[in-house]
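Here is how the chains run, residue by residue.
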Amino acid sequence: MPSRIHLLSLCSALVLAGCAMPNGLHTQGRALDASSLASQHTLSGATLSSAHWPAVDWWNTLGDRQLDVIIRHALQNSPDLQVADARARQASASVLAAEAERLPTLDANAGMTRSRNARVDDPNGMGKQYGTLRTLSAHFNYTFDLWGGQRAAWEAAVGRANAAEVDRQAARLTLAADVARAYNTYGHAWALVSLAELDLKRTKTMLDLASRRYNAGLDSKFQYQQTESLEASAEATLTDARQQVRTAGIRLAVLMGQGPDGAERLPRPKLIAPESVSLPPQLPAELLGRRPDLVAARWRVEAATKDIKVSRTAFYPNLNLTAAAGTKSLLGDAFFGAPSRYFSIGPALSLPIFDGGRRRADLAGSNADYDLAVAQYNQSLVDALGDIGDAISRLASMETQIQQQRRARDIAQASWDSAMERYSAGIGNYIDALSVEQQLIQSERELASITADRTDTAILLMQALGGGYQNSGPSTATSTVAAN
């Protein structure tokens, strides 16, 4: 008898030692506080405006109604948005599946089987016996959510569905910004065409004058040939500028969900320009609810938190209830009679004892997923403030550059006009006129490029500020999970 007691004690100790336990597993990720990121110095030089958060149709501030038509067409036809929509629907379907897991199941079955017994199966040893078995049954099953694991799984699915919906808004913002930037590039390409045409016109005028001076013996053949070379170079530049227009047009047409031939139907754009740039005073606090990528990242942190709870509840006892009822009878018997009826009902309690570390591995994976979600959120927050700071810094510098470049262009234009007057009058130097023309061409192209860069940077700033998106997001998305 004592040996049996010792054996039972040993078995109990082994069972308890082998029980699956979550001890020692915890998360490491900690979400950043936006106010802890140093950005005051970078943003200090920007003008603040309480109404400067971008509107939903922020691109209309760029001053071209045609751009509004193009962006709205792209939002309706872009395959990228169709992908984002499909992913959002997938996530919504996952919510329905998680909700279904929380509900009991009830199945009904009915059947009729016609059979013939073999001689060895016939209790009378006769064989050739025929029979028909009719069945009707219902089965019920329900798993009690004792520890909230099923609810946590549903909440995690809701969080991921919310993140997918916000991703759809982020895709719309990205597409609108890409279209606006492509339209700006398209306009810049047309501006270069105009400058190339103007340069070719000036060069032809200069070649005509050089031809007359050469025929009059006032200039050498070398000077005349050099002017011919300038005309050929201007024609090559114009050809290249027109190719840039075609390339930019195809890029814009593709973003609109069209084929490359759609570029041929695009009207010639105006040079768009942003309004005066200012920042909302609530940065960086309100940025958390204004940038869709940040809101989506916070929802994923929240979903990862719920996944940890799901993994933890797998270590606890589980209670399941099953029931079945029905009737069975051979053909000719009373199908619904008392002898044919049956039922069963029984609860079942399960307790994980030894699983080879599977549950611990699942929990460790959930903890790592949470840490990853937090790290991605932190990176998105740092990138968001970096995008805004970089855009503000570049815009301030570009405003100064544009003023300086306009002054340089105006001086070059005046010098060109003066040089051509002197050259036409026969008192100017050909080399001086040529040098001034090159300065003017370079000044005009640099001014066009800086102006386009300023517009592109302003578009990036509006995208960095969330592009009109507003959503407070989950209040607990950046909370940490207490270690157990």
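Bear in mind that the values here come from a model prediction, so they are computed numbers and not experimental data.

A. Focus on the overall build of the protein. When helices and strands are tallied, the protein shows 9 helices and 4 strands. In the protein, the succession of α and β elements from N to C terminus is α-α-α-α-β-β-α-α-α-β-β-α-α. Here the protein holds 484 residues, and the buried ones make up 40% of them. When contacts within the protein are restricted to residue pairs at least 6 apart in sequence, those whose partners lie at least 24 apart make up 85%. Accessible surface, the protein: about 26600 Å² in total, of which carbon and sulfur atoms supply 54%.

B. Inspection of the confidence of the model for the protein at higher detail. For the protein, the average pLDDT comes to 82, and 84% of its residues sit at 70 or higher. Predicted confidence in the protein is weakest over helix α1 (residues 2-18), with a mean pLDDT of 47, and strongest over helix α7 (residues 292-313), with 93.

C. Just helix α5 (residues 149-215), in detail. Look at α5: 96 Å from first C-alpha to last across 67 residues, which is about the 99 Å you get at 1.5 Å a residue. Once α5 ends, the next one or two residues include G217, with phi positive near 80°.

D. The arrangement of the packing of aromatic side chains in detail. What the rule picks out here adds up to 4 aromatic pairs. Note on Y142 and F144: the rings are 4.9 Å apart at their centroids and 80° apart in plane angle, and the pair reads as edge-to-face. Assessed through its relative accessible area of 23%, Y142 is described here as partly exposed. Their ring planes at 65° and their centres at 5.1 Å tell us that W147 and Y316 sit as a pair that is edge-to-face. Of this pair, W147 sits in the loop between β2 (129-143) and α5 while Y316 is found in the loop between α7 and β3 (318-330), placing the two residues 169 residues apart along the sequence. For Y316, a relative accessible area of 32% corresponds to the partly exposed category. Note that R102 overlies the ring of W154, its terminal NZ or CZ placed 5.3 Å from the centroid.

E. Summary view of the packing of α5 against helix α6 (residues 221-255). The interhelical angle for the contact between α5 and α6, taken along N-to-C directions, is 165°, at an axis separation of 8 Å. Here α5 is positioned roughly antiparallel relative to α6, judged by the angle of their axes. Once α5 is placed against α6, the crossing between them reads as left-handed. A breakdown of the residues in the contact of α5 with α6 according to their chemical character gives 24 nonpolar, 7 polar and 10 charged.

F. Looking closely at the environment of M462. Here M462 lies in helix α9 (residues 430-464). Residues M462 and P54, spaced 408 residues apart in sequence, show a C-alpha to C-alpha distance of 6.2 Å. Setting aside residues no more than four positions away along its own chain, M462 makes contact with P54, W58, T61, L62 and G467.

G. Fine view of α6. With 35 residues, α6 ought to run about 51 Å at 1.5 Å a step, and its terminal C-alpha atoms sit 52 Å apart, in line with that. Backbone geometry just downstream of α6 places G257 in the positive-phi region, at approximately 80°.

H. Expanded view of the nonpolar core. The biggest cluster of nonpolar side chains holds 37 residues, and the ones touching the most others in it are W58, L67, I71, V179 and L252. Residue assignment for this core shows that the elements contributing at least two residues are α3 (65-77), α5, α6 and α9. When residues of this core are assigned to their parent elements, the largest contribution, 15 residues, is made by α5. Contacts of V179, omitting those with residues within four sequence positions, involve I70, I71, A74, L252 and L255.

I. Structural detail: a nonpolar patch on the surface. A cluster of nonpolar residues, F144, L146, W147 and Y316, forms a patch on the protein surface that exposes about 370 Å² of accessible area. Relative to the helices and strands, L146 is located in the loop between β2 and α5. For L146, a relative accessible area of 44% translates into the label partly exposed.

J. The arrangement of the environment of R312 in detail. Mapped onto the elements of the fold, R312 is located in helix α7. Note on R312: relative accessible area 9%, which makes it buried. It is 8.9 Å that separates the C-alpha atoms of R312 and D362, two residues lying 50 residues apart in sequence.

K. Structural view of the side chain of S443. If you trace the backbone, S443 turns up in helix α9. Assessed through its relative accessible area of 9%, S443 is described here as buried. In contact with S443, not counting residues within four places along its chain, are Q405, A408, R409 and A412.

L. Structural view of the pattern of salt bridges. Taken as a whole and judged by the stated rule, the model has 20 salt bridges. The partner of D387 in a salt bridge is R291, and the shortest N-O contact between them spans 3.6 Å. Of the two residues, D387 sits in helix α8 (residues 358-424) while R291 sits in the loop between α6 and α7, which places them 96 residues apart along the sequence. Its relative accessible area of 8% is what places R291 among the buried residues. Close ionic contact of R394 with D390 constitutes a salt bridge, the shortest N to O distance being 3.8 Å. Highlighted residues: R394 and D390, both in helix α8, separated by 4 residues, approximately one helical turn.

M. Structural detail: the pairing of strand β4 (residues 341-350). Within β4, only 0 of the 10 residues are buried, which leaves it mostly out in the open. Judged from the 10 bridges that link them, β3 and β4 form a sheet pairing that is antiparallel. For A325, the partnering residue across the bridge sits in β4 and is F343.

Cut-offs used in this document
- Residues numbered from 1 in each chain as written.
- Predicted model: local features only at pLDDT ≥ 70, side-chain atom pairs only at ≥ 80, totals over all residues.
- Heavy atoms only, no water.
- Helix = DSSP H or I, 4+ residues; strand = E, 2+ residues; numbered from the N terminus.
- Buried < 20%, exposed > 50% of the residue type's maximum accessible area, 1.4 Å probe, protein only.
- Contact = heavy atoms within 4.5 Å.
- Areas by Shrake-Rupley, 256 points an atom, 1.4 Å probe, with all protein chains shown as cover.
- pLDDT = per-residue confidence, 0-100.
- Expected span 1.5 Å × (residues − 1).
- Phe/Tyr/Trp six-rings, centres within 6.5 Å; stacked < 30°, edge-to-face > 60°.
- Lys NZ or Arg CZ within 6 Å of the ring centre and 35° of its normal.
- Axes fitted to C-alpha atoms, helices over the stretch in contact; angles between N-to-C directions.
- Parallel < 35°, antiparallel > 145°, perpendicular 65-115°, else oblique.
- Left-handed = near helix turned anticlockwise from the far one by under 90°.
- Nonpolar A, V, L, I, M, F, W, Y, C, P; charged D, E, K, R; others polar.
- Core = buried A, V, L, I, M, F, W, Y, C linked by side-chain atoms within 4.5 Å.
- Patch = residues over 30% accessible without salt bridge, like charges linked within 9 Å, V, L, I, M, F, W, Y side chains within 5 Å.
- Salt bridge = Lys/Arg side-chain N within 4 Å of Asp/Glu carboxyl O.
- Pairing = 2+ DSSP bridges.

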